[in-house]
Amino acid sequence: MVAKALTIAGSDSGGGAGIQADLKAFSAMGVFGASVVTAVTAQNTQAVTAIHPVPDDVVAAQIKAVLDDIQIDAIKIGMLGTPSLIAVVADALAGYDGPIVLDPVMVSKSGDTLLADSAIDTLKSLLFSRATLLTPNLPEAEKLVGEDSAQTQANALLDLGVGAVLMKGGHADGEICTDHLVSQTATQDYSAPRLNTHNTHGTGCSYSSAIAAGLAQGMALSDAASRAHTWLHQAILRADELHIGRGHGPVHHFHALWT
């Protein structure tokens, strides 16, 4: 039986992030992907020029349609946007007991706001306790719990109810990029040389989805994160081969299959 994962996120018309990146990451990991679209964005490698939220009841209907028919082995949640939508998603997933990877999408690669400040508290109160894994980058962690060391931020996020936190180091300085997977019982680090490329659009979406794919396949969280980290490093390393757009181009999800 093929593993099946669901992404609940926004659509990126440029194809590099959001739902499109999630489905590509699922496929690259050998997992069938289903999707729930929370917003339609007019977006390319340079900017987000328009955002059209999908009505809350339509998002709820999409979730119900998928879960009523397909045995979903893991869920990845990305762009939600508003307090009411967060509440709707939390309610729609009330009966789901599989692993959930929550990527707290707040700002696009081009710097455009994707999560209203008013929604942050709602996200923490309604979805953190449901999350098997939270995957913030450094700016997102700062917005969620304030500026501090990565370990202190991770502990604060764990105190809010998430099962584990992957503190991503892509926004840090230094020649080595290190991500920290932190749970209540252990910390595991994943390191790789920092790559000199502007083509990193969709890295967060792709990383969290690749981890969700591993969980859907029954992998332990640390193993799923390790595999996803290795895969994403290669996807970034090979991103310049694609020549997509004039801004932050996408990573190469299918680097193992074609060039």
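Notes on the structure follow. (Residues numbered from 1 in each chain as written. Predicted model: local features only at pLDDT ≥ 70, side-chain atom pairs only at ≥ 80, totals over all residues. Heavy atoms only, no water.)

## Description of the pairing of strand E2 (residues 32-43)
Note the cut-off: Here, strands pair whenever DSSP counts at least two bridges between them. For the purposes of this entry, the term helix denotes a DSSP run of H or I that reaches at least four residues, the term strand denotes a run of E that reaches at least two, and both are numbered from the N terminus. Here a crossover is taken to be right-handed if, once the strands point away from the viewer, the path from the first strand over the helix to the second is traced clockwise.
Alignment of strand E1 (residues 4-12) against E2, held across 8 bridges, turns out to be parallel. Each residue of the ladder has a partner; that of Ile-8, found in E2, is Val-36. Assessed by its sense of winding, the connection that carries the chain from E1 through helix H1 (residues 18-28) to E2 is right-handed. Sheet analysis places E2 next to strand E3 (residues 48-53), joined by 5 bridges and oriented antiparallel. The residue bridging Thr-41 from the neighbouring strand is Ile-51, located in E3. Counting the residues in the hairpin turn of E2 and E3 gives 4 residues.

## A few points about the pattern of salt bridges
Keep this limit in mind: Salt bridges are defined by distance alone: a side-chain nitrogen of Lys or Arg within 4 Å of a carboxyl oxygen of Asp or Glu. Residue burial is assigned from relative accessible area. The probe radius is 1.4 Å, only protein chains are included, and a residue is buried under 20% of its type maximum, exposed over 50%, and partly exposed in between.
Tallied over the entire structure, the rule returns 5 salt bridges. Across the salt bridge formed by Asp-68 and Lys-64, the nearest N and O atoms sit 2.6 Å from each other. Placement of the pair is Asp-68 and Lys-64 together in helix H2 (residues 56-69), with a separation of 4 residues, close to one helical turn. Given the relative accessible area of 56%, Asp-68 is considered exposed. Note that Lys-168 and Asp-103 form a salt bridge whose closest N and O atoms lie 3.8 Å from each other. Of this pair, Lys-168 sits in the loop between strand E7 (164-167) and strand E8 (176-183) while Asp-103 is found in the loop between strand E5 (100-102) and helix H4 (120-126), placing the two residues 65 residues apart along the sequence. Exposure class is identical for Lys-168 and Asp-103. Each is buried.

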